[in-house]
Amino acid sequence: MTFRENANIGAGRASRRGGGGGGMAVGGGLGALLLALVVMLFGGDPGAILGGGQQTPSSAENVDLAECTSGADANENRDCRVKGAMLSLEQYWTQTYERAEPTQAIIFSGAVDTQCGQASSQVGPFYCPVDETIYLDTGFFDQLEGQLGADGGTLGEMYVIAHEYGHHIQNYTGALRASQQGEQGPESGAVRVELQADCFAGAWVANASTTGDQLLVAPTQEEIRSALSAAAAVGDDSIQERMQGQVTPHTWTHGSSEQRMGWFMRGYESGEANQCDVLNAASVDDY
Ligand SMILES: [Zn+2]
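Residues numbered from 1 in each chain as written. Predicted model: local features only at pLDDT ≥ 70, side-chain atom pairs only at ≥ 80, totals over all residues. Heavy atoms only, no water.

### Description of the coordination of the zinc ion
Summarising the metal site, the zinc ion is bound by the protein donors His163 (NE2), His167 (NE2) and Glu194 (OE), whose distances to it range over 2.0 to 2.1 Å. Counting along the primary sequence, the residues that act as donors to the zinc ion give the motif H-x3-H-x26-E. Here His163, found in helix H6 (residues 154–173), pairs with Glu194, found in helix H7 (residues 189–207); they are 31 residues apart in sequence, far enough to count as distant. Taken as a pair, His163 and Glu194 share a single burial class, namely buried. (Donors = N, O, S within 2.8 Å, 3.2 Å for Na, K, Ca; no water. Helix = DSSP H or I, 4+ residues; strand = E, 2+ residues; numbered from the N terminus. Buried < 20%, exposed > 50% of the residue type's maximum accessible area, 1.4 Å probe, protein only.)

### With respect to unusual backbone geometry
With a phi angle near 50°, Glu132 is a residue other than glycine that sits in the positive phi range. By secondary structure assignment, the location of Glu132 is in the loop between strand E6 (126–128) and strand E7 (133–136). With a phi close to 50°, Gln214 is a non-glycine residue in the positive phi region. Mapping Gln214 onto the fold places it in the loop between H7 and helix H8 (221–233).

### Considerations on the pattern of salt bridges
If you walk through the whole model with that rule in mind, you get eight salt bridges. With a shortest N-O distance of 2.8 Å, Glu90 and Arg13 are connected by a salt bridge. Placement of Glu90 in helix H4 (residues 78–96) and of Arg13 in the segment before strand E1 (14–17) is noted, with a sequence separation of 77 residues between them. When its relative accessible area of 12% is taken as the criterion, Glu90 is described as buried. Taking the shortest distance from any N to any O, the salt bridge between Asp79 and Arg16 comes out at 2.6 Å. Placement of Asp79 in helix H4 and of Arg16 in strand E1 is noted, with a sequence separation of 63 residues between them. Salt bridges sharing partners connect three or more residues here, namely Arg78, Arg81, Asp142, Glu145 and Glu157. (Salt bridge = Lys/Arg side-chain N within 4 Å of Asp/Glu carboxyl O.)

### Overview of the state of the cysteines
Following the criterion strictly, the structure yields three disulfides and no others. Across a sulfur-sulfur distance of 2.1 Å, Cys68 and Cys80 are joined as a disulfide pair. Disulfide Cys68 to Cys80: torsion about the S-S bond roughly -70°, handedness left-handed. Placement of Cys68 in the loop between helix H2 (46–50) and helix H3 (71–76) and of Cys80 in helix H4 is noted, with a sequence separation of 12 residues between them. Overall, the relative accessible area of 0% leaves Cys68 in the buried class. (Disulfide = S-S within 2.5 Å.)

### Quick word on the packing of H6 against H8
Two elements in contact, H6 and H8, have axes whose closest approach is 7 Å; the angle formed by their N-to-C orientations is 55°. Between H6 and H8, the angle falls in the class oblique. Regarding H6 and H8, the two cross each other, and that crossing is right-handed. Contacts between H6 and H8 involve Leu155, Gly156 and Tyr159 from the former and Glu223, Ile224, Ser226, Ala227, Ala230 and Ala231 from the latter. (Axes fitted to C-alpha atoms, helices over the stretch in contact; angles between N-to-C directions. Parallel < 35°, antiparallel > 145°, perpendicular 65-115°, else oblique. Left-handed = near helix turned anticlockwise from the far one by under 90°. Contact = heavy atoms within 4.5 Å.)

### Some points on the nonpolar core
Grouped together as the largest cluster of nonpolar side chains are 69 residues, with contacts concentrated most on Trp93, Leu144, Tyr159, Trp204 and Phe264. For this core, the secondary-structure elements that each account for two or more residues are H4, strand E3 (104–108), E7, helix H5 (140–145), H6, H7, H8 and helix H10 (257–270). Those residues in contact with Tyr159 that lie beyond four places of it in its chain are Phe42, Asp198, Ala201, Ala227, Ala230, Ala231, Val234, Arg260 and Phe264. Formed by nine residues, the second largest nonpolar core is a distinct cluster that contains Phe108, Val112, Cys116 and Ala119. (Core = buried A, V, L, I, M, F, W, Y, C linked by side-chain atoms within 4.5 Å.)

### Observations regarding H6
If you check H6, its first and last C-alpha atoms are 29 Å apart, about what 20 residues at 1.5 Å a residue would give, namely 28 Å. Burial analysis of H6 places 17 of its 20 residues in the buried class, the great majority of the element. Just downstream of H6 lies Gly174, where phi reads positive at about 95°. (Expected span 1.5 Å × (residues − 1).)

### Observations regarding the packing of H4 against H7
Following both chains from N to C, one finds H4 and H7 inclined at 95°, their axes separated by 10 Å at the closest point. As far as their axial angle goes, H7 and H4 are roughly perpendicular. Here H4 contributes Ala85, Ser88, Leu89, Tyr92 and Trp93 to the contact with H7, which in turn contributes Phe200, Ala203, Trp204 and Asn207. Its residues assigned to classes, the contact of H4 with H7 comprises seven nonpolar, two polar and no charged. (Nonpolar A, V, L, I, M, F, W, Y, C, P; charged D, E, K, R; others polar.)

### Thoughts on the packing of aromatic side chains
Using the criterion set out here, one finds seven aromatic pairs in the structure. Here the aromatic rings of Phe264 and Tyr268 are separated by 6.5 Å at their centres, their planes lie at 10°, and the arrangement is stacked. Of this pair, Phe264 and Tyr268 are both found in helix H10, four residues apart, which corresponds to roughly one turn of the helix. Classification of Phe264 as buried rests on a relative accessible area of 0%. In this structure an aromatic cluster arises from ring pairing among Tyr92, Trp93 and Phe200. (Phe/Tyr/Trp six-rings, centres within 6.5 Å; stacked < 30°, edge-to-face > 60°.)

In C-alpha cells form, the structure reads like this:
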C-alpha cells in the first residue's frame, strides 16, 4: 500500500520529541509504574518482557517531519510514512467514528516523557490514554523485521501505526478499560482489546484507498502478506518461542500469531470496523 506520489500529507499529526542521540537515561524498560498500568503496548517488546538490557533501537532515517509533505516523501522515508499514515487514519476514523477526536504520533529516540510516565524505546510503540498520544521510536521497525521476523514491507510498518490508532478509538468507545483489569491469558480482556486493535487496522487498510483524500493506493496481495507477517511476528506465542523457548498461554496479553492475523483479516475482508467486536465474541478464535 503505497502513497499516491502527489498526495498532500502536510496535515498529518506527527512530530518528533527530543534531539535523537541517547536521549534521557532511564533504568529499564519502564520508567514508571503508572506507565505499566495505563499504556497500551504494542507487544513487540521482548527486552521489556524479559527485563533485559538489550540495545535501544534507533532510527537511521530521521528527518525533519515538517519536510514531509507529499506521498512521495512518505514512500521514501519511514518517518514521513508515519506522518502520512496518521493522516489517512485520521481521515478514516473521523468518518467511521465521529465521536473520537484525532490523535497524534510522537516519534522519539531512546526515551520519552509522557503523561503516563517515562518510557524507553525497549517497550516498543505504545498509546498513552492520559495524553491521548501514540509514541514510537521508528527504530522498532528494524527490530520487527530483524529480531522478530517480519518481512520488512512498509504495510507491516503501517499496520503498527494503525493498531495504535485503534487503541485511541478504544479510548473513546470504552473498550480500553477491558484491558486494564490486570488479567492475562488467551481469553482475557487484554487480549481481546489487542485483537480488536488488529481488526481495526485491517478495516483501515481495506478503506485507505477510498477514504478522505485517497492518500494511498489499494494494497497488493504481497503488501497484505507483509501486514500479516508483522502481525504474526508480534504474536505472544511467536515472541515467547523466540525469547524463552516455550509458549505459556496463561501469560498472554496480545494473542497468538494466528489470532492476530485472523482478526486483522476479519477487519480487512469485511472492511467494517463494526465487525471487530472481539470483546463480546464467544471466543477470541471466532474471527
Ligand atoms: Zn496494542
